[in-house]
Amino acid sequence: MTEQGRNKTSELKKMILLAVLCSLIGALTASFVTTSLLYGRAQTPSPQTKPQTIPEAVQSQESRIPAIAREVTPAVVGISTVRIDYDFFYRPIKSEAVGSGVIVNSQGYIITNDHVVSGADEITVFLSDARKLEARKIYSDPYLDLAVIKVDAPNLTVAKLGDSDKVVVVDLAVAIGNPLGLSLQRTVTAGIISALNRTVAVQDRRGQILMQDLIQTDASINPGNSGGPLVNGDSE
C-alpha cells in the first residue's frame with residue numbers, strides 16, 4: 001500500500017472512532033434527559049433529618065391524663081331515665097335512655113345535658129361507688145342543653161368547675177362518660193381543644209335548636225357521653 005493510501009486509511013479509522021464516541025455521548029445524554037424528565041433531576045442526598053419529637057408542653061399535658069382520670073372519675077355518674085307516654089288506648093309506654101353527669105356540689109347537685117333528662121318521669125343516678133339513687137330535676141334549659149339534677153346522699157366526690165373563658169385552642173381535653181350505655185361506665189378519652197365559638201343546629205323532638213359558643217374537641221365522644229365532663233389539664 002502506498003504512503004497516500006495508508007494516510008487515507010488512518011484518517012478513516014479516526015473518523016469512525018470519532019463517530020462511535022459521538023454516538024456513545026449522544027446515547028448517554030439522551031438517557032440522562034429521559035431519566036430527568038421521567039423521574040426528576042438527581043439530587044444529592046440531604047443529611048438525614050431527625051424524627052420530629054412531641055413538644056415538651058404537649059408531653060407535659062399528656063402526662064397529666066392518669067392523674068386527671070383518678071381525680072375526676074369518681075365524680076362522674078351514670079344517668080338512666082324513664083319517660084312514660086300513652087298510646088291511643090291510654091296504655092303506658094315506657095322509653096328508656098342513658099347518659100352521663102358530673103357531681104359539682106357536695107349537696108348532691110349534678111350537671112348534665114338537658115336532652116339526657118328532658119321529659120323524664122324517672123331519673124336514676126349510678127355513682128362510682130356502686131350506689132344507685134333516685135334524682136330530681138332542679139333546672140333545665142333546652143337552648144343551652146344544660147340541666148341540673150339533685151340526689152340526696154352523703155360522702156359525694158365533687159369535681160371542680162373550670163372557666164370556659166380561659167380555654168384556648170390546643171388545650172388538653174379529657175372526656176369522661178358512659179359511651180354506648182351504662183355497661184361502659186366512666187370511659188376516659190383524651191384529645192385537645194380543636195376550636196372555639198362553634199355554632200351548630202341541633203334537631204330533636206322539640207324542633208331545631210341553634211346552639212352557639214360551643215367548644216370543639218377531637219377527643220372521642222359517643223352516644224352516652226352526653227352530660228359527662230370535658231376536663232382541662234388542671235382537672236377542672
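In what follows, the structure referred to is the one given above.
Residues numbered from 1 in each chain as written. Predicted model: local features only at pLDDT ≥ 70, side-chain atom pairs only at ≥ 80, totals over all residues. Heavy atoms only, no water.

**Comments concerning the environment of Ser-183**
Alright, step 1. Note on placement: Ser-183 falls in the loop between β7 (172–177) and β8 (187–204).
Alright, step 2. According to the relative accessible area criterion, Ser-183 is exposed, its value standing at 68%.
Alright, step 3. Note: C-alpha distance between Ser-183 and Gly-78 (105 residues apart in sequence) is 9.8 Å. (Helix = DSSP H or I, 4+ residues; strand = E, 2+ residues; numbered from the N terminus. Buried < 20%, exposed > 50% of the residue type's maximum accessible area, 1.4 Å probe, protein only.)

**Section: helix α3 (residues 65–72)**
Alright, step 1. Listing the buried residues of α3 in full gives Ile-68, Ala-69 and Val-72. Looking down the long axis of α3, one finds its buried residues gathered within 100° of arc, a one-sided arrangement.
Alright, step 2. Where α3 is buried, its residues meet β1 (76–86), β7, β8 and β10 (230–231). (Arc of directions from axis to C-beta. Contact = heavy atoms within 4.5 Å.)

**Observations regarding the sheet that holds strand β9 (residues 207–217)**
Alright, step 1. Taken in spatial order, the four strands make up an open sheet running β9-β8-β7-β10, and their pairing is antiparallel. Each edge of the open sheet carries a strand with a single partner, namely β9 and β10.
Alright, step 2. Here β8 runs beside β9; their pairing, made up of eight bridges, is antiparallel. From the neighbouring strand, Ile-193 faces β9, where its bridge partner is Thr-217. (Pairing = 2+ DSSP bridges.)

**Considering a nonpolar patch on the surface**
Alright, step 1. Together, Tyr-109, Ile-138, Tyr-139 and Leu-144 line one region of the surface with nonpolar side chains, adding up to about 370 Å² of accessible area.
Alright, step 2. In this fold, Ile-138 is placed in strand β5 (residues 132–141).
Alright, step 3. Residue class for Ile-138 comes out partly exposed when judged on its relative accessible area of 43%. (Patch = residues over 30% accessible without salt bridge, like charges linked within 9 Å, V, L, I, M, F, W, Y side chains within 5 Å. Areas by Shrake-Rupley, 256 points an atom, 1.4 Å probe, with all protein chains shown as cover. Salt bridge = Lys/Arg side-chain N within 4 Å of Asp/Glu carboxyl O.)

**Some thoughts on the pattern of salt bridges**
Alright, step 1. Taken as a whole and assessed by the stated rule, the structure comprises six salt bridges.
Alright, step 2. The residue Arg-83 makes a salt bridge to Asp-85 at a minimum N-O spacing of 3.6 Å.
Alright, step 3. Taking the relative accessible area as the measure of exposure, Arg-83 reaches 26% and is therefore partly exposed.
Alright, step 4. Between Arg-91 and Asp-87 there is a salt bridge, with the nearest N and O atoms lying 2.7 Å from each other.
Alright, step 5. Given a relative accessible area of 23%, Asp-87 falls into the partly exposed group.
Alright, step 6. In the salt-bridge network here, residues are joined through shared partners; they are Arg-136, Lys-150 and Asp-152.

Purely geometric stuff here, so don't read any function into it on its own.
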